[in-house]
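In case you want the letters, here they are:
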Amino acid sequence: AQSVAQPEDQVNVAEGNPLTVKCTYSVSGNPYLFWYVQYPNRGLQFLLKYITGDNLVKGSYGFEAEFNKSQTSFHLKKPSALVSDSALYFCAVRVGLMDSNYQLIWGAGTKLIIKP
Amino acid sequence: KAGVTQTPRYLIKTRGQQVTLSCSPISGHRSVSWYQQTPGQGLQFLFEYFSETQRNKGNFPGRFSGRQFSNSRSEMNVSTLELGDSALYLCASSPVRVGTDTQYFGPGTRLTVL
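Overview of the structure. Just so you know, these numbers come straight off a predicted model, no measurement behind them. (Residues numbered from 1 in each chain as written. Chains lettered and ligands numbered in written order. Predicted model: local features only at pLDDT ≥ 70, side-chain atom pairs only at ≥ 80, totals over all residues. Heavy atoms only, no water.)

A word on the overall build of chain A. Each helix and strand counted, chain A has zero helices and 12 strands in total. The C-alpha radius of gyration computed for chain A amounts to 14 Å, which stays within 12% of the reference 13 Å derived for 116 residues, consistent with globular compactness. A principal-axis box enclosing the C-alpha atoms of chain A has dimensions of 45 × 30 × 20 Å. Every one of the 116 residues in chain A was classed for burial, and the buried ones make up 47%. Here the analysis covers contacts within chain A between residues at least 6 apart in sequence; of these, 55% occur between residues at least 24 apart. When the accessible surface of chain A is split by element, carbon and sulfur atoms take 50% of a total near 5700 Å². In chain A, the 10 positive side-chain charges and the 8 negative ones have mean positions that sit 2 Å from each other. (Helix = DSSP H or I, 4+ residues; strand = E, 2+ residues; numbered from the N terminus. Rg over C-alpha atoms; globule rule 2.2 N^0.38 Å. Buried < 20%, exposed > 50% of the residue type's maximum accessible area, 1.4 Å probe, protein only. Contact = heavy atoms within 4.5 Å. Areas by Shrake-Rupley, 256 points an atom, 1.4 Å probe, with all protein chains shown as cover. Lys, Arg positive; Asp, Glu negative; His and termini not counted. Charge placed at Lys NZ, Arg CZ, Asp CG, Glu CD.)

Written as structure tokens, this is what we have:
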């Protein structure tokens, strides 16, 4: 079955330290992968995506993610965390074999807490 | 450009009632997707409308329905509400079909079923 997993419900990082939020996937074919962030009481905001090309993708707010095909992972990273990065992070992957049945399936979300 | 707007932002209903939620996409966007977000189930795909046609549907009962108008605005309807329908309902718009490009999300409608 096609799926996406975020193995950590919560990640705690001290401000200024590097952060990693993990995402693994299981899909047929070449994956389209996305990261979104949700701040309290707000909708989701797009961070970055991987469709093809360079395995290291750079996105908004200094975030980046590395596509690793052999490990079927797409971990989100940032070299130096800010308190304002504290939010809920979602990984998503496109499934479906043709235009008529594409949809996104989402990980359960990882709560990122950055402590001053 | 104005972002995705959803109305109402908060709604309280009782079991058995029905509810209609509205979503106005970003101007020029033809795809509107709906999601249900709950603490236990995360983000669940409801359906996508593109050019007034439902293109894909998630695994939800027939009580959940939607439509899209010629101006791309979309409505979602839930009939015979159940307690388990309490959730944040998110709408997202995109210029192209879902999964191909970035989706832009609205702030959501918080539905509480009593």
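Structure's up, so let's keep going.
Bringing the sheet that holds strand 7 (residues 64–68) of chain B into the picture now. Residue and element names in this part refer to chain B. Strand order in the open sheet formed by four strands is 1-3-8-7, and the pairing between neighbours is antiparallel. Looking at strand neighbours, the two that pair on one side only are strand 1 (5–7) and strand 7, the edges of this open sheet. Sheet twist, expressed as the average angle between the axes of neighbouring strands with direction ignored, equals 20°. Where strand 3 (residues 19–24) meets strand 8 (residues 74–78), five bridges bridge the pair, whose relative direction is antiparallel. Bridge assignment links L21 to a residue of strand 8, and that residue is M76. (Pairing = 2+ DSSP bridges. Axes fitted to C-alpha atoms, helices over the stretch in contact; angles between N-to-C directions.)

Aromatic rings considered in pairs are described by the distance between their centres and by the relative angle of their planes. Residues and elements named next belong to chain A. For the coordinates displayed, the defined rule picks out 15 aromatic pairs over all chains. On the numbers, 6.2 Å between centres and 20° between planes, the contact of Y25 with F67 is stacked. With Y25 in strand 4 (residues 24–26) and F67 in strand 8 (residues 64–68), the pair connects residues that are 42 residues apart, well separated along the chain. The same class applies to Y25 and to F67, which are both buried. Summarising the aromatic geometry, the rings of Y36 and F46 are spaced 5.7 Å apart at their centres and angled 70° between planes, so their arrangement reads as edge-to-face. (Phe/Tyr/Trp six-rings, centres within 6.5 Å; stacked < 30°, edge-to-face > 60°.)

Enumeration over the complete set of coordinates arrives at six salt bridges over all chains. Linking E64 of chain A and K58 of chain A is a salt bridge whose minimum nitrogen-to-oxygen distance equals 2.9 Å. Relative accessible area serves as the criterion here: at 63%, K58 of chain A is assigned to the exposed category. The partner of D85 of chain B in a salt bridge is R63 of chain B, with the nearest N and O atoms 2.8 Å apart. Residue D85 of chain B is located in the loop between strand 8 and strand 9 (87–94), and its partner R63 of chain B is located in the loop between strand 6 (53–57) and strand 7; the two are separated by 22 residues in the primary sequence. Classification of R63 of chain B by relative accessible area gives buried; the value is 16%. Salt bridges here are not isolated pairs; linked through shared partners, they connect R63, E82 and D85 of chain B. (Salt bridge = Lys/Arg side-chain N within 4 Å of Asp/Glu carboxyl O.)

Nothing here speaks to function; it is geometry throughout.
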